[in-house]
Amino acid sequence: MTEIEFYFDFLSPYSYLAYRLARVHFKKFNLILKPISLPHIINLSGNVPPASLKVRGKFLLKDLKRSAEFYGLNQEHGDFKVPDKFPFDTRNHLYELVKMIEEEGRTFEEIDKFVMSVWIKIFHKGEIGVGPELPNKSHWKNLILENTEKALQLGAFGVPFWRITNDEGEIETFFGSDRFHHMAKFIRIDPLPFYSKL
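Residues numbered from 1 in each chain as written. Predicted model: local features only at pLDDT ≥ 70, side-chain atom pairs only at ≥ 80, totals over all residues. Heavy atoms only, no water.

(A) Focus on helix 7 (residues 137–154). Over its 18 residues, helix 7 extends 26 Å from the first C-alpha to the last, a length consistent with the 26 Å expected when each residue adds 1.5 Å. Immediately beyond the C-terminal end of helix 7, within one or two residues, lies Gly-155, with a positive phi of roughly 105°. (Helix = DSSP H or I, 4+ residues; strand = E, 2+ residues; numbered from the N terminus. Expected span 1.5 Å × (residues − 1).)

Take a look at the structure:
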């Protein structure tokens, strides 16, 4: 069965756009969420934050809003927006998510509901609350760092990042929220639905 690993951080607006597509068009596959630390990925890979160049940051904001409008993301939860304070701390949200993933009996629907609730607060309501402190925080932190290290070993330099195993057992990695046509070809599905409103 096709297995899709999705590496992301709640900090990344392009990961949010990618997840909105993946949760619809990849739902018949085994979609595995791999929360990571984006600041660690950037630092350890030698990359720089996308918006560190002022002119690029201005363009990215325009591009994100345009993409959200194209996919119809503004219709259900209000206009897409990037919080005034950016970047912001997502660690407690990541710890809560990885804790849910580790818990036996959790359904994907429950996990998806949490993931969407965090991203809607951030990128539609502009709320960047740090989330509650969890007991045994060091354990959840280590799991995030393990995911981060695996992503680095796979060649990640940012997010969203994907590791896909298709039905033939072939493995390939992909980067970004605009490579779904390549992923669709690799897993042998129609790419056209990725170019329409959700």
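Having seen the model, we can carry on.
(B) Looking closely at the nonpolar core. Counting 60 residues, the largest nonpolar core has Phe-6, Phe-10, Phe-26, Trp-119 and Trp-162 as the members making the most contacts within it. For this core, the element with the highest residue contribution is helix 6 (residues 108–123), accounting for nine residues. Residues contacting Phe-26, with those up to four places away along its chain left out, are Ile-4, Leu-21, Trp-162, Phe-180, Met-183, Ile-187, Ile-189 and Phe-194. (Core = buried A, V, L, I, M, F, W, Y, C linked by side-chain atoms within 4.5 Å. Buried < 20%, exposed > 50% of the residue type's maximum accessible area, 1.4 Å probe, protein only. Contact = heavy atoms within 4.5 Å.)

(C) Quick look at the sheet that holds strand 4 (residues 171–175). Ordered by their spatial adjacency, four strands build an open sheet running 2-1-3-4, and the pairing between neighbours is mixed. For this open sheet the edge positions go to strand 2 (30–35) and strand 4, each flanked by a neighbour on one side alone. Averaged over all adjacent pairs, the angle separating strand axes in this sheet is 20°, with direction ignored. Both strand 3 (residues 161–165) and strand 4 contribute to a ladder of five bridges, which runs antiparallel. Bridge pairing in strand 4 places Thr-165 opposite Ile-171. (Pairing = 2+ DSSP bridges. Axes fitted to C-alpha atoms, helices over the stretch in contact; angles between N-to-C directions.)

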